[in-house]
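Architecture at a glance
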Amino acid sequence: MEDSAPDGTDELLAASRGLLGVVARSLAPALEDVTVPQFRLIVLVSTLGPTRSGDLAERLAVGPSTLTRNVDRLVSGGWVERRPGEESRREVLIAATERGRALVDEVTVRRRRELATVLARVPTDERAAVVVGMAALRRAMNEPLPEEISAFGG
């Protein structure tokens, strides 16, 4: 293995492996019922509210047929539902069901609990720097906070 990169990417790479472990452990029970792409779709409609299929396909970077197949499976499983648009009945909106929102909430609670445990192991005088650094990374990756996503509208 080559020496540590002076630009900090090795630290980021190692931290990302740890975060991936947190994500995998928090998501594992949900994967008995849905795939990762399907879970991402449920998360989006849980956060955004009822959303047009075209907007979901764009946000998930998938084609319309892939989105339709995933939505069909999620509707069959009771995770999401199709609704007519409010402005046009021809417009179809995808919305999370109570079951879908509960799944997202369960995963979020597990992930939040594990992340809180990790953050508690960071020395007190370094915690603020970790949070500021993670916020900077989140912004650099164009990952909005849930409240910022909601502000975009569906």
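See the structure shown above.
This write-up is about the structure you can find in this document. The residue count restarts for each chain, going from 1 along the sequence in the order it is written. Predicted model: local features are reported for residues with pLDDT of at least 70 only, side-chain atom pairs are reported and counted for 80 or more only, and whole-chain, interface and lining totals are derived from all residues. Just so you know, side-chain values use all the structure's heavy atoms and leave hydrogens and water out.

**A few points about the overall build of the protein chain**
A helix here means a DSSP run of H or I that spans at least four residues, while a strand means a run of E at least two residues long, and both kinds are numbered starting from the N terminus. Along its length, the protein chain carries seven helices and three strands. Start at the N end of the protein chain and walk to the C end: the helices and strands fall as α-α-β-α-α-β-β-α-α-α. Residues classed as buried in the protein chain amount to 25% of the 154 residues present. A separation of at least 24 residues holds for 55% of the contacts in the protein chain among residues at least 6 apart in sequence. Every accessible area reported is derived by Shrake-Rupley at a probe size of 1.4 Å, with residue values counting cover from the shown protein chains alone. With the model as given, the accessible surface of the protein chain reaches about 10300 Å², and the carbon-plus-sulfur share is 56%. One finds the centroid of the 21 positive side-chain charges in the protein chain at a distance of 6 Å from the centroid of its 23 negative side-chain charges. For the exposure calls, accessible area comes from a 1.4 Å probe over protein chains only, and a residue counts as buried if that area is under 20% of its type's maximum, exposed if over 50%, partly exposed in between. Any pair of residues with heavy atoms lying within 4.5 Å of one another is described as a contacting pair. Charged residues are defined here as Lys and Arg on the positive side and Asp and Glu on the negative side; His and the ends of the chain fall outside this count. To locate a charge, take NZ of a lysine, CZ of an arginine, CG of an aspartate or CD of a glutamate.

**Topic: the pattern of salt bridges**
For salt bridges, the criterion is a side-chain nitrogen of Lys or Arg within 4 Å of an Asp or Glu carboxyl oxygen. For the structure shown, the criterion picks out six salt bridges. Between R25 and E114 there is a salt bridge, and its shortest N-O distance comes to 2.3 Å. Of this pair, R25 sits in helix α1 (residues 9-27) while E114 sits in helix α5 (residues 98-121), and the two are 89 residues apart along the sequence. On the basis of relative accessibility, which here comes to 23%, the residue E114 falls in the partly exposed class.

**Observations concerning the sheet that holds strand β2 (residues 80-84)**
Judged by pairing direction, the sheet is antiparallel, and its three strands sit side by side in the order β1-β3-β2 without closing on themselves. Each having just a single partner strand, β1 (51-52) and β2 make up the two edges of the open sheet. Two strands qualify as a pair provided that DSSP identifies no fewer than 2 bridges between them. Pairing of β2 with strand β3 (residues 92-96) involves five bridges; the strand directions are antiparallel. Note that in β3 the partner of P84 across the bridge is V92.

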